[in-house]
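In case you want the letters, here they are:
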Amino acid sequence: MSRKIDEATMENVLVLAKLKLSAGEREQAAAEMERMLDYVEKMNELDTSATEPMVHPCRFGNVFREDEVTNGSMREELLSIAPEQEQGQYAVPKTVE
């Protein structure tokens, strides 16, 4: 069996992952990556022609309610209790010069 993860590929992975591994750790990591690739190849053997593509494993629709105003406009009531108002707005003291 030829190696799928050669030394150049392993070096590139280590650089991209910003890892420093000893020679033994490199061998172990390469072996684990090869096992992962074998698993992916095994999955590619499955017949998925009758399977509909999906973006999420759970089939949920929109679970959120529509945005509806339920308390109406209280603008006039709130402005009536403000200490000061000007042109339909709250009037507040100036805080920045």
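Residues numbered from 1 in each chain as written. Predicted model: local features only at pLDDT ≥ 70, side-chain atom pairs only at ≥ 80, totals over all residues. Heavy atoms only, no water.

- Under an unreviewed UniProt entry, the name given to the protein is Aspartyl/glutamyl-tRNA(Asn/Gln) amidotransferase subunit C, and the source organism is Candidatus Lachnoclostridium pullistercoris.
- Comment text from UniProt for the protein, heading Subunit (unreviewed entry), reads "Heterotrimer of A, B and C subunits."
- Regarding the protein, the relevant UniProt record gives this comment under Sequence similarities (unreviewed entry): "Belongs to the GatC family." (UniProt positions renumbered as here; feature names shortened; annotations may be inferred.)

### Brief notes about the packing of helix α1 (residues 7-17) against helix α2 (residues 23-44)
Part 1 of the reasoning: Two elements in contact, α1 and α2, have axes separated by 11 Å at closest approach and are oriented at 100 degrees. Judged by the angle between their axes, α1 and α2 are roughly perpendicular. In contact with Glu 7, Met 10, Glu 11, Val 13 and Leu 14 of α1, α2 contributes Arg 26, Ala 29, Ala 30 and Met 33.
Part 2 of the reasoning: Grouping the constituent residues of the contact of α1 with α2 by class yields 6 nonpolar, no polar and 3 charged. (Axes fitted to C-alpha atoms, helices over the stretch in contact; angles between N-to-C directions. Helix = DSSP H or I, 4+ residues; strand = E, 2+ residues; numbered from the N terminus. Parallel < 35°, antiparallel > 145°, perpendicular 65-115°, else oblique. Contact = heavy atoms within 4.5 Å. Nonpolar A, V, L, I, M, F, W, Y, C, P; charged D, E, K, R; others polar.)

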